[in-house]
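Notes for the structure review
Now for the letters of each chain:
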There are 4 protein chains.
Amino acid sequence: MTLRARTPKAKSDRERLLLSAALNVFFSKGFQAARMQDIAEEAGLSKGTVYIYFGSKEEVFQALIDTLAKPNVEHIQTLLQTAPTVTQGLRMMNGFARQLIVETDMPKFLKVLVGESQLFPEIVADYHAEVINPTLQLMERRLDEVVDSGELAVPDTHIAARQIMTPVIFSGLWESVFSKTQTLDYAALLSAHVEALLCAWAPKDTTS
Amino acid sequence: MTLRARTPKAKSDRERLLLSAALNVFFSKGFQAARMQDIAEEAGLSKGTVYIYFGSKEEVFQALIDTLAKPNVEHIQTLLQTAPTVTQGLRMMNGFARQLIVETDMPKFLKVLVGESQLFPEIVADYHAEVINPTLQLMERRLDEVVDSGELAVPDTHIAARQIMTPVIFSGLWESVFSKTQTLDYAALLSAHVEALLCAWAPKDTTS
Amino acid sequence: MTLRARTPKAKSDRERLLLSAALNVFFSKGFQAARMQDIAEEAGLSKGTVYIYFGSKEEVFQALIDTLAKPNVEHIQTLLQTAPTVTQGLRMMNGFARQLIVETDMPKFLKVLVGESQLFPEIVADYHAEVINPTLQLMERRLDEVVDSGELAVPDTHIAARQIMTPVIFSGLWESVFSKTQTLDYAALLSAHVEALLCAWAPKDTTS
Amino acid sequence: MTLRARTPKAKSDRERLLLSAALNVFFSKGFQAARMQDIAEEAGLSKGTVYIYFGSKEEVFQALIDTLAKPNVEHIQTLLQTAPTVTQGLRMMNGFARQLIVETDMPKFLKVLVGESQLFPEIVADYHAEVINPTLQLMERRLDEVVDSGELAVPDTHIAARQIMTPVIFSGLWESVFSKTQTLDYAALLSAHVEALLCAWAPKDTTS
DNA sequence: GATGAATGAGAATTCATTCAT
DNA sequence: AATGAATGAATTCTCATTCAT
């Protein structure tokens, strides 16, 4: 029998442990095929114990989304807001995106979200409302600002915000789905992309 | 009882009907959560009938991949090979990509492939080998040619080939996952992307 | 499509063909595991055709018992009744038993009857009433006669009748169950048995 | 919900309970027609519980054979080996055979083995190799010894060993198949048989 | 009469969830 | 708190039977 988690700290550690185990299992098998047993084993605990922390498999899934998704958003937002220029902000974001893809669970998370998107439309809606949309809107606003300031000449900031995310999603997905089959140089792809955008958005020379 | 399919033609029609039903169900629920019953009902047939045409749920899935994936590849390849210039080829491909996203089952297919990627690694490997890789390599070769001819100045054709696909995948995924929550102007995104690439790859003026 | 059976003769031939196929299939798989498809294939016909001749799988089974069991009984009974002495009758019956085991379907039939005995108690009761019991009673009566006539000194004719059958059943079962694993010389076993019985039943010499 | 079996002892008891239930069900319906549900109900447990102890219906069957068949063999062998004379050994074996038929599950087991013999040829081969053959060979060797010692004059010890088993199998089968229809005095049959054999094998008087 | 496609009831097996220990 | 035995709903797949051709 595993040591009991008596303090609140110990309990929240065990919760995190379970969520991390769950992500791995959901990633490997998908929500439906994932057995509570698998999650328990991945965490080194027993089946019954999972139910002490989460009421059902669906609750584990929901908690996973809530716990893992949001911290990243905040980071991106901080990055965008604190960078002196958008050009720098974009370049810094690239570095962060690379980290996100290679060093975090984001690709696994992305794969799980995509895979279960039709099964849990509320979760998708929620995720859109709390993560995707705020981030895109923040980007859009920042781009509007720099257009006004003349830093960049972005023709359509709405599309531009999405355009920025394009290789991040591509890379995340590649990492989840194809990384075992063929590697991809995410950093190169991301920076080629930013440079292309900056080229396209370069302010027109209006001096002459 | 449904009309019996006695001729080979009628049987192959019914097979197609079932595969189309299966794609919808796999898309909605994922492979695991999809019940054979669901597929049968979607096709207006009974459970047992599905087993006359396919030996198991997995066989339905495999047949789906085989049937739906490959035709699109050929189209893309033709497009690339017949366009007089790469610039035109890319612009035409965008039109095709838009069609692919809005008018075909590609987004559903993409979502299913991503969702089940860990469960069927052989199918993913197969898909990579027969669809993804040949397409990317063809693009890469075409880009190498135009670099040689001076039409474009692509710094890294390997990355460039992937870069081209970036918004296609993004759009396909958006269509699958978020289209009910928020629409996205795929044509605008795709063409903004191509224009950015063409800007970045514009041959340097070496006359002066 | 197989030739149609138009005449009554042709129909009854086809019925026999199906029953023979059924015996093989029931023997190999047991009643439950036998598929109508198997029986049809064994007979070189199609599934639906079996239903033209028999209303259900159970009806096939019933017809099998009725058709195949009874002829043999009549033969045994004739043998016993026409033999001039019981001693000769027993020896002749042995020859017949050997034939029954090696050259007929009796062992298959026995195996099927035993295997399904609990599933079809009425069939077993029927079989007992129409085949087993009459034969045993006839034997018993003949033995009573020869005891009276002084030909043999059988202590208990009821038991004796059963005792006679003992190696026949043993051999039939061995043939069904173990013949592929190890052969058994049925003729030798049967005649050793008869000789032992004749020794035990030899009339006591009461002359001195 | 039934009491939980937590200790190894309780678990092995439950396993035995299930096997005993399984024998009854397999006997009544045959392996194929037996539903796991039936076995569970016969044991007073639920369907799912059977799968905690045995991985599949086939595994239950195999375990049954392993558990129930072998103990009896040992008993017979001990009997034969410890009896001072073969004559006594045979008479004692008869007592044991009667017990086997009336007081143990042997007849049920025999019926099940016969019924499923074609479906599980490996089990039959196994059973022949581990139970039937060793027993027959032991008998044969003992008979060879007594022929040498002059105790009995057995003409063919190979056949004789089989001849001895003849009424045991007959009785076991009768018990399984016909006992509800008509009783049979097994003890009388068995001892009549032994006496007949002893008569046939009596050493020839060579004194005069 | 013959065929085999279609049906749906039924059985093995799995696994989320409960709860006695 | 932790465990894992027990349960039964749910799912895949099979096959007896029907019936359009």
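Description of the structure in this document. Source: prediction; values computed, not measured.

1. Side note on the overall build of chain A
Along chain A, the regular secondary structure elements total 9 helices and 0 strands. Starting at the N terminus, the α and β elements of chain A follow one another as α-α-α-α-α-α-α-α-α. Along the longest, intermediate and shortest principal axes, the C-alpha atoms of chain A span 80 × 40 × 30 Å. In chain A, which comprises 208 residues, the share counted as buried stands at 51%. Put simply, 68% of the contacts in chain A that link residues at least 6 apart link residues at least 24 apart. Working note: accessible area of chain A is about 9,700 Å², and carbon and sulfur atoms make up 52% of it. Each charge class in chain A can be summarised by its mean position, and for the 20 positive and 25 negative side chains these summaries are 10 Å apart.

2. Some details on the interface of chain C and chain D
Taken together, the 43 residues of chain C in the interface contact 43 residues of chain D. Buried area between chain C and chain D, summed over both chains or domains, comes out near 3,900 Å², and the portion from carbon and sulfur atoms is 74%. If you look at where chain C meets chain D, you find 0 salt bridges. Connecting chain C to chain D are 8 residue pairs in polar contact (both at pLDDT 80 or more). Sorting the residues of the side of chain C that touches chain D by element identifies helix H1 (8-33), helix H6 (106-116), helix H7 (121-149), helix H8 (157-177) and helix H9 (186-200) of chain C as the ones contributing at least two each. The biggest single contributor to the side of chain C that touches chain D is H8 of chain C, with 12 residues. Grouping the amino acids of the side of chain C that touches chain D by side-chain chemistry returns 25 nonpolar, 13 polar and 5 charged.

3. So, empty space enclosed by the protein
Over the atoms, a rolling probe the size of a water molecule traces out where space has been left empty. Scanning all chains against the criterion turns up 11 cavities of 30 Å³ or more. Taken as a whole, the largest cavity encloses approximately 70 Å³ of empty space. What lines the largest cavity is a set of 13 residues, and nearest its centre among them are Gly30, Phe31 and Glu116 of chain A together with Gln32 and Glu116 of chain B. Only helix H1 (8-33) and helix H6 (106-116) of chain A together with helix H1 (8-33) and helix H6 (106-116) of chain B provide two or more residues apiece to the lining of the largest cavity. Sorting elements by how many residues they give to the lining of the largest cavity places H1 of chain A first, with 5 residues. For the lining of the largest cavity, the residue count by class is 3 nonpolar, 6 polar and 4 charged.

4. Here we look at the relation of the copies chain C and chain D
After a rotation of 179° and a shift along the axis of 0.1 Å, chain C superposes on chain D with an RMSD of 0.2 Å. Expressed as a symmetry operation, the mapping of one chain copy onto the other fits a two-fold axis. Measuring from the rotation axis to each C-alpha of chain C, the shortest distance belongs to Gly115 of chain C, at 1.8 Å. The residues that chain C uses at the interface reappear at the interface of chain D in 100% of cases, marking a shared surface.

5. Some words on helix H6 (residues 106-115) of chain D
Within H6 of chain D, 9 of the 10 residues are buried, which leaves it mostly tucked inside the rest of the structure. When H6 of chain D is considered as a whole, its buried residues turn out to be Met106, Pro107, Phe109, Leu110, Lys111, Val112, Leu113, Val114 and Gly115 of chain D.

6. Some points on the relation of the copies chain A and chain B
Each copy superposes on the other: chain A lies on chain B with an RMSD of 0.3 Å after a rotation of 180° and an axial shift of 0.0 Å. Residue by residue, 100% of the interface of chain A is reproduced at the interface of chain B, so both copies engage with the same surface.

7. Topic: the nonpolar core
Grouped together as the largest cluster of nonpolar side chains are 152 residues, with contacts concentrated most on Phe26, Tyr127, Ile164 and Trp201 of chain C together with Phe26 and Trp201 of chain D. Those residues in contact with Phe26 of chain C that lie beyond four places of it in its chain are Phe31, Ala34, Ile39, Lys57, Val60, Phe61, Leu64, Lys111 and Val112 of chain C.

8. Description of the interface of chain A and chain B
Reports of interface size often rely on the accessible area that becomes lost once the parts have come together. Counting residues at the interface gives 43 residues for chain A and 43 residues for chain B. For the pair chain A and chain B, the summed buried surface comes to about 3,900 Å²; carbon and sulfur atoms form 74% of the total. Elements supplying a minimum of two residues to the side of chain A that touches chain B: H1, H6, helix H7 (121-149), helix H8 (157-177) and helix H9 (186-200) of chain A. Among the elements that make up the side of chain A that touches chain B, the one with the highest residue count is H8 of chain A (12 residues). Here the side of chain A that touches chain B is composed, by residue class, of 25 nonpolar, 13 polar and 5 charged.

9. A closer look at the pattern of salt bridges
The final tally for this structure, using the stated rule, is 30 salt bridges over all chains. Between Arg162 of chain A and Glu140 of chain A there is a salt bridge, with the nearest N and O atoms lying 3.5 Å from each other. With a gap of 22 residues between them, Arg162 of chain A in helix H8 and Glu140 of chain A in helix H7 connect regions that are remote in the sequence. With respect to class, Arg162 of chain A is no different from Glu140 of chain A; both count as buried. When the shortest N-O distance is used, the salt bridge between Asp13 of chain B and Lys9 of chain B registers 2.8 Å. Residue Asp13 of chain B and its partner Lys9 of chain B are located together in helix H1, separated by 4 residues, close to a single helical turn. Judged by its relative accessible area of 31%, Asp13 of chain B is partly exposed.

10. A short note on the packing of aromatic side chains
Taken as a whole and judged by the stated rule, the model has 32 aromatic pairs over all chains. Taking the centre distance of 5.3 Å and the plane angle of 70° together, the rings of Phe31 of chain A and Phe61 of chain A count as edge-to-face. With Phe31 of chain A in helix H1 and Phe61 of chain A in helix H4 (residues 57-82), the pair connects residues that are 30 residues apart, well separated along the chain. Across the pair, Phe61 of chain A and Phe31 of chain A agree in class, each one buried. Members of the aromatic cluster, each reached through a chain of ring pairs, are Phe26, Phe31, Phe61 and Phe120 of chain A. Across the ring face of Phe31 of chain B, the terminal group of Lys57 of chain B is positioned such that the distance to the ring centre comes to 4.7 Å.

What counts and how
Residues numbered from 1 in each chain as written. Chains lettered and ligands numbered in written order. Predicted model: local features only at pLDDT ≥ 70, side-chain atom pairs only at ≥ 80, totals over all residues. Heavy atoms only, no water. Helix = DSSP H or I, 4+ residues; strand = E, 2+ residues; numbered from the N terminus. Buried < 20%, exposed > 50% of the residue type's maximum accessible area, 1.4 Å probe, protein only. Contact = heavy atoms within 4.5 Å. Areas by Shrake-Rupley, 256 points an atom, 1.4 Å probe, with all protein chains shown as cover. Lys, Arg positive; Asp, Glu negative; His and termini not counted. Charge placed at Lys NZ, Arg CZ, Asp CG, Glu CD. Buried area = accessible area lost by both parts, 1.4 Å probe. Salt bridge = Lys/Arg side-chain N within 4 Å of Asp/Glu carboxyl O. Polar contact = N/O pair within 3.5 Å; in protein donor to acceptor, adjacent residues only side chain to side chain. Nonpolar A, V, L, I, M, F, W, Y, C, P; charged D, E, K, R; others polar. 1 Å grid on protein atoms, 1.4 Å probe; cavity = no way out; pocket = protein on both sides within 12 Å on 5 of 7 lines; lining within 4 Å. Points joined across faces, edges and corners; volume = space filled by probe spheres on them. Least-squares fit on C-alpha atoms with pLDDT ≥ 70 in both. Core = buried A, V, L, I, M, F, W, Y, C linked by side-chain atoms within 4.5 Å. Phe/Tyr/Trp six-rings, centres within 6.5 Å; stacked < 30°, edge-to-face > 60°. Lys NZ or Arg CZ within 6 Å of the ring centre and 35° of its normal.

Keep in mind that these numbers describe shape and distance, not what the molecule does.
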